[in-house]
Amino acid sequence: MITTGNDDTGQVMAERIGEFITNTALHAPRSLQRRIGPSEVGADCDRRLAYKLSDWPEVAADGDPIASVLGTAFHAWMEDAFTEREKASPGRYKIEERVTVRQGVTEAASLTGSSDLYDRASGTVWDWKLVGVSSLDKYRRGGPSDQYRIQAHLYGLGQENAGETPRRVAICFVGRHHELRVHVWTEPYNRQVALDALARLDAIRDQLLALDPESHPERWSEFAIPDKPNCRFCPWLKPGSTDLSTGCPGVQHANPGASLQALIA
């Protein structure tokens, strides 16, 4: 929502700034990724991963870009801060370096990503998450989502492939708030968590090849979706859709309120 003062000129200026922010955010490097990345592998919805693996046209509205803008700025600030800290301990940190989680037969087929921070002194793989206050409280009480946890271990595998010896993974949640609120979740690095996620991804890719939903659109329904998916930011969400080749309506419940909750959770 864009609001301004009580004159027409201010409203026009606000709309133009809003359009500029949206267009700039959509063309930022973190928004231009086409192939699947470590942050997506752990998504709990097979259908969403199938759409992504097949590079199916996205249908959802672009949405509000401000969270992406703030997140990108925060990552850049942390990168600068640890670059400065590195001067006192040369070689201790690997900062925003790309790692290969799994090498493919071609570069495009490889699973790679930018690891926020690796601390050689403690063997810790760090990932920064700038989140809303309610989300911060949720993660503090119940830990990260499976998707976030898997992402952390995938980056651990990427660091291992790069010759490092990761011992722990850590997710640092920082609240978007007027005061500093931080929660760190951590656990020992477990290569098997990453390998299991990659095996699931391969199974979905095999299912895509077997079902060929591009030629048989009705077969999109055979890709499982969880009972309580996080549909809100899915690029293929199309509420009310009856044709899965044009978009997914999200999980359907007998109770309409439950379906709405899945979209806003």
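(A) Fine view of the nonpolar core. V41, Y51, L154, F173, W220 and F223 are the most contacted members of the largest nonpolar core, which has 41 residues in total. Sorting the residues of this core by element identifies helix 3 (46–53), strand 1 (93–102), strand 2 (111–119), strand 3 (124–131), helix 5 (133–142), helix 6 (146–161), strand 4 (168–175) and helix 7 (191–211) as the ones contributing at least two each. With eight residues, the single largest contributor to this core is helix 7. Residues within four places of W220 in sequence aside, it is in contact with R47, A50, Y51, S54, W56, L208, P213, L244 and S245. In this structure, F82, Y93, L117 and W128 belong to the second largest nonpolar core, which totals nine residues.

(B) Examining the sheet that holds strand 1 more closely. Strand order across the open sheet formed by five strands is 1-2-3-4-5, with mixed pairing between neighbours. Only two strands of the sheet have a single partner each, and these edge strands are strand 1 and strand 5 (182–188). Neighbour to neighbour, the strand axes of the sheet diverge by 35° on average, direction disregarded. Pairing of strand 3 with strand 4 involves eight bridges; the strand directions are parallel. Bridge assignment links W126 to a residue of strand 4, and that residue is A170. The strands that helix 4 (residues 66–86) touches are strand 1, strand 2, strand 3 and strand 4; relative to strand 1, the one it contacts most, it runs at about 120°.

(C) Spotlight on the packing of aromatic side chains. Taken as a whole and assessed by the stated rule, the structure comprises ten aromatic pairs. A network of ring pairs unites the aromatic residues Y51, W56, W220, F223 and W236 as a single cluster.

(D) The arrangement of the pattern of salt bridges in detail. Using the criterion set out here, one finds 13 salt bridges in the structure. Across the salt bridge formed by D202 and R102, the nearest N and O atoms sit 2.9 Å from each other. One end of the pair, D202, is in helix 7; the other, R102, is in strand 1, and 100 residues separate them in sequence. Classification of R102 as partly exposed rests on a relative accessible area of 28%. In this structure, E160 engages R191 in a salt bridge whose closest nitrogen and oxygen atoms are separated by 2.4 Å.

(E) Seen up close, a nonpolar patch on the surface. Taken together, I66, V69 and L70 make up a surface patch of nonpolar side chains, about 210 Å² in accessible area. Positionally, L70 belongs in helix 4.

(F) Quick look at the environment of V174. Turning to its location among the elements, V174 is positioned in strand 4. Accessibility expressed as a relative area gives 8% for V174, which makes it buried. Spatially, the C-alpha atom of V174 lies 7.6 Å from that of W128, the residues being 46 residues apart in sequence. Those residues in contact with V174 that sit more than four places away from it in its chain are F74, K129, L130, V131, L180, R181 and V182.

Thresholds applied
- Residue numbering note: each chain is counted from 1, following its sequence as written.
- Reporting of local features is limited, given that this is a predicted model, to residues whose pLDDT is at least 70; pairs of side-chain atoms are given and counted only at 80 or more, and all residues count toward the totals for whole chains, interfaces and linings.
- Side-chain metrics rest on all non-hydrogen atoms present in the structure, leaving aside hydrogens and water.
- We define the nonpolar core as a collection of buried residues of types Ala, Val, Leu, Ile, Met, Phe, Trp, Tyr and Cys that are connected through side-chain atoms lying within 4.5 Å of one another.
- Here the term buried applies to any residue with accessible area under 20% of the maximum for its type, exposed to any over 50%, and partly exposed to those in between, with areas from a 1.4 Å probe on protein chains only.
- We count a stretch as a helix when DSSP gives it H or I for four or more residues in a row; a strand needs E for two or more, and each element gets its number in order from the N terminus.
- In this analysis, two residues are considered to be in contact whenever any of their non-hydrogen atoms come within 4.5 Å of each other.
- Pairing between strands requires that DSSP locate at least two bridges from one strand to the other.
- Only C-alpha atoms enter the line fits that serve as axes; for helices the fit covers just the stretch in contact. Angles between N-to-C directions range over 0 to 180 degrees.
- Two aromatic rings from Phe, Tyr or Trp, using only the six-membered ring of Trp, form a pair when their centres are within 6.5 Å; if the ring planes differ by under 30 degrees the pair is stacked, by over 60 it is edge-to-face, and anything between is tilted.
- When a carboxyl oxygen of Asp or Glu is within 4 Å of a side-chain nitrogen of Lys or Arg, the pair counts as a salt bridge.
- Here, patches come from residues exposed beyond 30% relative accessible area and free of salt bridges, joined within 9 Å for like charges and within 5 Å for nonpolar side chains (Val, Leu, Ile, Met, Phe, Trp, Tyr).
- In these tables, accessible area is a Shrake-Rupley quantity obtained with a 1.4 Å probe, and a residue counts as shielded only by the protein chains included in the view.

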